[in-house]
Amino acid sequence: AQSVTQLDSHVSVSEGTPVLLRCNYSSSYSPSLFWYVQHPNKGLQLLLKYTSAATLVKGINGFEAEFKKSETSFHLTKPSAHMSDAAEYFCVVRGGYGNKLVFGAGTILRVKS
Amino acid sequence: DAGITQSPRHKVTETGTPVTLRCHQTENHRYMYWYRQDPGHGLRLIHYSYGVKDTDKGEVSDGYSVSRSKTEDFLLTLESATSSQTSVYFCAISERAGSLSDEQFFGPGTRLTVL
């Protein structure tokens, strides 16, 4: 069965500093992986997705993630945090037939001014 | 934004009462999903549909039923609501399931409180 583990429930950074949100996955086959973002009291928006093409995936708003099979990781990074990046981020793996998604528990990103 | 609406957006109900949540889409996507979101659990799949009248269970389906009589509508019913079903419910849609690059689009959510 597919699963994801987000290693930090909360991350706090200062505006202008790098962001690193960590995610490890477990999958019995080559996975499809996603990062979604949820701003307070909002729905979910896709940031980026990995589907066995390039291992470094670029997303919206300057975010990117690198797929590392040897480490079973898919960490999300951004070189310079902005106040508007404050939100909850979910690492997600596709979970089999029907395009079902399996979500991590989420990481709340706080950006300090 | 994908054309997905959920109704109601907020609901407070009492234990033991039936509740129906509606998801409506204007994208003509084949696949529709219901998730619940709870702190520390991310989103968990309740039920999904892969076509009109075709539905299947997700990982947390106990106490929930669904129906899909039209492509555009996917209903989630709590036959007898319990306090453990207090949650935020999200509907999602996707056009395909076989493609490795398909994306799910999410609705705005329904906040349900069971007293």
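In the block above lies the structure referred to throughout.
From a predicted model like this one, the values you see are computed outputs, not experimental measurements.

Q: An account of the overall build of chain A is needed here, citing residue identities and associated values.
A: The number of helices and strands found in chain A is 0 helices and 12 strands. Helices (α) and strands (β) of chain A occur, in sequence order from the N terminus, as β-β-β-β-β-β-β-β-β-β-β-β. Here the C-alpha radius of gyration of chain A, 13 Å, is about what a compact globule of 113 residues would show, namely 13 Å. The principal-axis extents of the C-alpha atoms in chain A amount to approximately 40 × 30 × 20 Å.

Q: Lay out the nonpolar core in plain terms, naming residues and giving numbers.
A: Residue and element names in this part refer to chain A. If you look at the biggest cluster of nonpolar residues, it comprises 26 residues, and the most contacted ones within it are Trp 35, Leu 48, Phe 74, Leu 76 and Tyr 89. The leading source of residues in this core is strand 10 (residues 87-94), at 4 residues. Once residues within four sequence positions are removed from consideration, Leu 48 is found in contact with Leu 33, Phe 34, Trp 35, Val 57, Lys 58, Gly 59, Phe 63, Glu 64, Ala 65, Phe 74 and Leu 76.

Q: Break down the sheet that holds strand 8 (residues 73-78) of chain B for me, citing the residues and quoting the values.
A: All names here are of chain B. Taken in spatial order, the 4 strands make up an open sheet running 1-3-8-7, and their pairing is antiparallel. Each edge of the open sheet is held by one strand with a lone partner, namely strand 1 (4-7) and strand 7 (64-70). Across the sheet, the mean angle separating the axes of adjacent strands is 20° when strand polarity is ignored. In this structure, strand 1 lies alongside strand 3 (residues 19-25), joined through 4 bridges in antiparallel fashion.

Q: Go over the interface of chain A and chain B with me, naming the residues and quoting the values.
A: Each partner contributes residues to the interface: chain A has 22 residues there, and chain B has 25 residues. Both faces considered, chain A and chain B share a buried interface measuring about 1800 Å² in area, 52% of it formed by carbon and sulfur atoms. It is A:Leu44, A:Asn99 and A:Phe103 that lose the most area in chain A upon contact with chain B, and together they represent 25% of the buried surface on that side. At the surface where chain A touches chain B, the tally comes to 0 salt bridges. Our count for the chain A to chain B interface comes out at 2 residue pairs in polar contact (both at pLDDT 80 or more).

Q: Give me the pattern of salt bridges: which residues, what numbers.
A: Residue and element names in this part refer to chain B. Going through the model one piece at a time under the given rule, you end up with 7 salt bridges over all chains. As a salt-bridge pair, Arg 44 and Asp 38 come within 2.9 Å of each other at their nearest N and O atoms. Overall, Asp 38 belongs to the buried group, its relative accessible area being 11%. With a closest N to O distance of 3.3 Å, Lys 70 and Asp 73 form a salt bridge. The class of Lys 70 is partly exposed, set by a relative accessible area of 40%.

Q: Tell me about the packing of aromatic side chains, residues and numbers included.
A: All names here are of chain A. The final tally for this structure, using the stated rule, is 15 aromatic pairs over all chains. Arranged with centres 4.1 Å apart and planes meeting at 15°, the rings of Tyr 50 and Phe 67 form a pair that is stacked. Of this pair, Tyr 50 sits in strand 6 (residues 44-50) while Phe 67 sits in strand 8 (residues 64-68), and the two are 17 residues apart along the sequence. Here Tyr 50 and Phe 67 have matching classes, each one buried.

Q: Can you lay out the state of the cysteines for me, pointing to particular residues and giving the numbers?
A: Here the structure, examined in full by the defined rule, presents 2 disulfides over all chains. Disulfide pairing places A:Cys23 opposite A:Cys91 at an S-S distance of 2.0 Å. When the S-S torsion is -70°, as for the bridge of A:Cys23 with A:Cys91, the disulfide is left-handed. One end of the pair, A:Cys23, is in strand 4 (residues 23-26); the other, A:Cys91, is in strand 10, with 68 residues separating them in the sequence. Of the two residues, A:Cys23 and A:Cys91, both sit in the buried class. Disulfide pairing places B:Cys23 opposite B:Cys91 at an S-S distance of 1.9 Å. Between B:Cys23 and B:Cys91, the disulfide has an S-S torsion of -70° and is therefore left-handed. Here B:Cys91 lies in strand 9 (residues 87-94) and B:Cys23 lies in strand 3, a separation of 68 residues in the sequence. Side by side, B:Cys23 and B:Cys91 carry an identical accessibility label, which is buried.

About the cut-offs
Residues numbered from 1 in each chain as written. Chains lettered and ligands numbered in written order. Predicted model: local features only at pLDDT ≥ 70, side-chain atom pairs only at ≥ 80, totals over all residues. Heavy atoms only, no water. Helix = DSSP H or I, 4+ residues; strand = E, 2+ residues; numbered from the N terminus. Rg over C-alpha atoms; globule rule 2.2 N^0.38 Å. Core = buried A, V, L, I, M, F, W, Y, C linked by side-chain atoms within 4.5 Å. Buried < 20%, exposed > 50% of the residue type's maximum accessible area, 1.4 Å probe, protein only. Contact = heavy atoms within 4.5 Å. Pairing = 2+ DSSP bridges. Axes fitted to C-alpha atoms, helices over the stretch in contact; angles between N-to-C directions. Buried area = accessible area lost by both parts, 1.4 Å probe. Salt bridge = Lys/Arg side-chain N within 4 Å of Asp/Glu carboxyl O. Polar contact = N/O pair within 3.5 Å; in protein donor to acceptor, adjacent residues only side chain to side chain. Phe/Tyr/Trp six-rings, centres within 6.5 Å; stacked < 30°, edge-to-face > 60°. Disulfide = S-S within 2.5 Å.

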